[in-house]
Amino acid sequence: MKTLRTRIADIIEMCALVAVPATLLWCAVRSYEHTALLTLIVALGSVLPFFLRFESAKPRPRDFMPIVVLAALAAAGRIVFGPLPNVMPVTAIVIVAGACFGKEGGFLTGALAALTSNMFFGQGPWTPWQMYAWGLVGFVAGVLFFGRTQSVSLVAVLAYGLLSSLCYGILLDSWHVVGFISPLNWKSALAGYAAGIPFNVGHALSTVVFLALIYKPWIKKIDRIKLKFGITSQS
Amino acid sequence: MRRSLFSLAHPAVIFLYFCAVIVLCMSTLNPAFVLLSYVGASALAIFTSGLRRYGKTCLVFIPVFLVITLANALFNHLGETFLFHAGPLRLSLEALIYGATSALMLLSVILWFLSYQNIMTTDKFLCLFGRIMPATSLIMSMIFRYIPLLANRGHEILMSQKNLMGDVPRKKLQSLSYGARLSSILMGWSLEQSIETADSMRARGFGSHKRTTYTPFSFGGFDVVALMLLAFLTIISLYNLIVARADFMFYPYFSLSLPHALVTTSYALLLLFPFLVELKGALSCRI
């Protein structure tokens, strides 16, 4: 039974997630002057409700340990594959986190993995975008796969991995394209997005490979650990 | 990496300073102000991270710079001073300047972030947000602890796997599944152990008191003065950047009447604020 409080929090989270693409689209259509600044602030603001909700739940250490370990694994994996910038295990690990620990857990894992790994790779205006985009990947994975890890086929997970990492890339490129190219028409937008294609395709393919390798064994182990320690997931 | 005197200020002052310069940098496309912000960002980045790292960062972003400049310039028919025609492509001077300004703005923001990272170290960030968000800052400091821990454990697992199963196979496909097994062992071990750590933390009364920081950060007289000065300069700059927008236009002909001297001075003072702190320190040392 959902209380009124959690329902309101759910609605706020949904609004925060929708706000970012909506603002990008609005700025692109209206060719708004301060697009780069406005969308950056909206992206930063959309991450906040998730952290505030997490704080207000006053979590016990054992409840957030899975997030710590999975985000640290994602960040460490990104550092290991650092020399190959388009091979990132982060997306695959965030999808596993969403599938095992629900939409909030997935979002926080993605956002924290982005924030902490950027301490090694360098913070930049891309940090809020990566936090939002990886958080979104984890959130949607939670909505699609949480509680259904046994019945969902691996092919569906791989398809989601491919699609979500492509969306991740397009979202990150959108800030450059919508924020810094003006006037925006089909040709200039295509030129902006085309520059990112090699990176995004490499990222998508590597995510599929990582997911194919780790999804089944990791899910099995995490389910066992959840049962053993009675971890409550999904607020 | 050189330690600047500005980095001794309270984390809140540092954080607000960078918020102000980054927001101001992105709030105007006036080429004079963008250039000013770029010079300020470069000076601080060179000071805090050295010429070498600065050069490296700039080099990495040259492709992004070119893509943005060209995407702006090539598909734009607004400018009137044509440089060349080539079929459907027309390159005008105005569009080229617009593209370069836009890309320079992005580069300055990236450079501000570079200095931010050098001055606003992780412990300052956690100190600032630990009060507002205790659970999140705890998670972050634990992730920082787990990254080296996982690396050490990964190495340990690799050594024992080599002893038990033989070397990493040469074939691509087999080495992939070898790596997957390593990662799976690492994840299972760390997750299980981390929950035991969490229970142990709870048993010892973790979270029953406010968390303290290793470095004592205190909000002193210098911070009050600095914050007031920064607020003053920011308000003057922000007001004038929005008003001074009318002073320049890109299309149809590029024209730039230089902005008011007072505005430029206050903006330049804000951008060079860390160097003012440095100057004050040098003067008070000499006397």
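Treat the numbers as computed from the prediction; the structure is a model and nothing was measured.

Observations regarding unusual backbone geometry
All names here are of chain A.
Right, on to step 1. A positive phi is found at Ser31, a non-glycine position, where the angle reads about 40°.
Right, on to step 2. Secondary-structure assignment places Ser31 in the loop between α1 (4-30) and α2 (35-56).
Right, on to step 3. Here Ser31 falls in the exposed class, since its relative accessible area comes to 53%.
Right, on to step 4. With a phi angle near 45°, Lys58 is a residue other than glycine that sits in the positive phi range.
Right, on to step 5. With respect to the helices and strands, Lys58 occurs in the loop between α2 and α3 (61-80).

Let's talk about the confidence of the model for chain B
Residue and element names in this part refer to chain B.
Right, on to step 1. Mean pLDDT over chain B works out to 85, with 90% of the residues at or above the 70 mark.
Right, on to step 2. Confidence scores differ between elements of chain B, with strand β3 (residues 248-249) showing the lowest mean pLDDT of 66 and helix α1 (residues 11-26) the highest of 92.
Right, on to step 3. We note a pTM of 0.90 for the whole complex and an ipTM of 0.91 for its interfaces.

Here's the deal with the interface of chain B and chain A
Right, on to step 1. Contacts between the two partners involve 54 residues from chain B, matched on the other side by 61 residues from chain A.
Right, on to step 2. Summing the contributions of chain B and of chain A, the shared interface buries around 5200 Å²; its carbon and sulfur component is 79%.
Right, on to step 3. Area buried by chain B at its contact with chain A is led by Met26, Phe75 and Met187 of chain B, which between them contribute 12% of it.
Right, on to step 4. Remark: the boundary between chain B and chain A carries three salt bridges.
Right, on to step 5. Between Lys228 of chain A and Glu192 of chain B there is a salt bridge whose closest N-O contact spans 2.4 Å.
Right, on to step 6. Along the contact surface separating chain B from chain A lie eleven residue pairs in polar contact (both at pLDDT 80 or more).
Right, on to step 7. Of all the elements in the fold, those that place two or more residues in the side of chain B that touches chain A are α1, α3 (62-74), α4 (93-119), α6 (134-165) and α7 (172-203) of chain B.
Right, on to step 8. Take the side of chain B that touches chain A: its biggest share by element is 19 residues, from α7 of chain B.
Right, on to step 9. Here the residues of the side of chain B that touches chain A are counted per class, giving 36 nonpolar, 13 polar and five charged.

What counts, and at which threshold
- Residues numbered from 1 in each chain as written.
- Chains lettered and ligands numbered in written order.
- Predicted model: local features only at pLDDT ≥ 70, side-chain atom pairs only at ≥ 80, totals over all residues.
- Heavy atoms only, no water.
- Helix = DSSP H or I, 4+ residues; strand = E, 2+ residues; numbered from the N terminus.
- Buried < 20%, exposed > 50% of the residue type's maximum accessible area, 1.4 Å probe, protein only.
- pLDDT = per-residue confidence, 0-100.
- Contact = heavy atoms within 4.5 Å.
- Buried area = accessible area lost by both parts, 1.4 Å probe.
- Salt bridge = Lys/Arg side-chain N within 4 Å of Asp/Glu carboxyl O.
- Polar contact = N/O pair within 3.5 Å; in protein donor to acceptor, adjacent residues only side chain to side chain.
- Nonpolar A, V, L, I, M, F, W, Y, C, P; charged D, E, K, R; others polar.

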